[in-house]
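# Examination of the molecular architecture
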Amino acid sequence: MYYVMSDLHGCFDKYKEMLSLIDFAPRDTLYVLGDVIDRGPDGIKILQDMMLRPNVFPLLGNHEFTAAVCLPWLMEEVTNQSLDALEETQIAALSEWIVNGGGVTIQSLKGLIQEEREDVLEYLREMELFACVKAGGRDFVLLHSGLGHFSPDKALEDYELEDFLFGRPELDTAYYPDKILVFGHTPTRILGGGDKILRRETWIDIDCGCFFAGGRLGCLCLDTMEEFYV
């Protein structure tokens, strides 16, 4: 079976509970559509679990992207000289990361040895922006957010990074006529869908506000279109 979940935001317990609920097995495949880290306390713990599972495939979210930008120089020894060498863009990226819940991730990284931090950084850098999957007789495009600057004739490889990480659809947004976009990034409650998976004709939003009060972690089986919640 092919499964998708997104926007875990450090909720390790919900992640493990979901794997148990769907009876996730080595023969199954799970795509995690970004924003594993930040806000909640255990994003790095989730990443390290994912890294050990060859049948779990992460896609890059905007929070992972910001972490990948900041981590190389955060892992260096902090000295007056290194601080003076920071560029304005680096300082801005770090500030944005912290404002968006990155502080807990930074604290978690401090608890790792250097080799473990390097492994996490390599994992982040290897994350793909999208995946195309066929399951249950349907074609799916998986990505972190709704696809920005969409054009039906535009190849996925021709989109900009921001289009995969920051796009937010409207309820009447239409994508491909012959395949379904599946993404997170925008909590379904913002689109009027409550805290459950929101389906439209050409897209499905699976960000059910896992970290937020009253929110849930949603998971969708692409083969059967069955929904799971914890």
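Definitions and cut-offs
All residue numbers refer to position in the chain's written sequence, counted from 1. Restriction of local features to residues with pLDDT of at least 70 applies here, the model being predicted, together with a cutoff of 80 or more for giving and counting side-chain atom pairs; totals for whole chains, interfaces and linings are based on all residues. Hydrogens and water are ignored here; the side-chain numbers use all heavy atoms of the structure. Counted as salt bridges are all cases of a side-chain nitrogen of Lys or Arg within 4 Å of a carboxyl oxygen of Asp or Glu. To qualify as a helix, a DSSP run of H or I must reach at least 4 residues; to qualify as a strand, a run of E must reach at least 2; elements of each kind are numbered from the N terminus. Each residue is assigned to one of three classes by its accessible area relative to the maximum for its type, calculated with a 1.4 Å probe on protein chains only: buried under 20%, partly exposed between the two thresholds, exposed over 50%. In predicted models, pLDDT denotes the confidence assigned by the predictor to each residue on a 0 to 100 scale. By nonpolar core is meant a set of buried Ala, Val, Leu, Ile, Met, Phe, Trp, Tyr and Cys residues that side-chain atoms within 4.5 Å join together. Contacts were defined at the residue level, with two residues in contact if any of their heavy atoms lie within 4.5 Å.

Moving on, we come to the pattern of salt bridges. For side chains of opposite charge, pairing can occur when their charged atoms come near one another. Applying the stated criterion across every chain, the model contains five salt bridges. For Asp49, the salt bridge goes to Lys16, with nearest N and O atoms at 3.8 Å. Note that Asp49 is positioned in helix 2 (residues 43–51) and Lys16 in helix 1 (residues 12–21), a separation of 33 residues in sequence. Classification of Asp49 as buried rests on a relative accessible area of 15%. The closest approach of N and O atoms between Arg199 and Glu227, which form a salt bridge, is 2.9 Å. Within this pair, whereas Arg199 is found in strand 7 (residues 198–199), its partner Glu227 is found in strand 10 (residues 227–229), the two being separated by 28 residues in sequence.

Right, let's talk about the confidence of the model for the chain for a bit. Per-residue pLDDT for the chain averages 94, and the proportion of residues at 70 or more is 96%. Mean pLDDT across the elements of the chain ranges from a minimum in helix 4 (residues 80–84), with 61, to a maximum in strand 2 (residues 29–32), with 99.

Right, let's get into the nonpolar core. One broad trend across soluble globular proteins is that nonpolar side chains are buried collectively. In this structure, Met5, Leu47 and Met50 are the most contacted members of the largest nonpolar core, which totals 44 residues. The set of elements that each furnish at least two residues to this core consists of strand 1 (2–5), helix 1, strand 2, helix 2, helix 3 (62–74), helix 5 (88–110), helix 6 (114–125) and strand 9 (218–221). Met50 has contacts with Tyr15, Val32, Val36, Val56, Pro58 and Tyr123, leaving out every residue within four places of it along the chain. Among the nonpolar cores identified, the runner-up in size contains 18 residues, and Tyr31, Leu59, Leu220 and Met225 belong to it.

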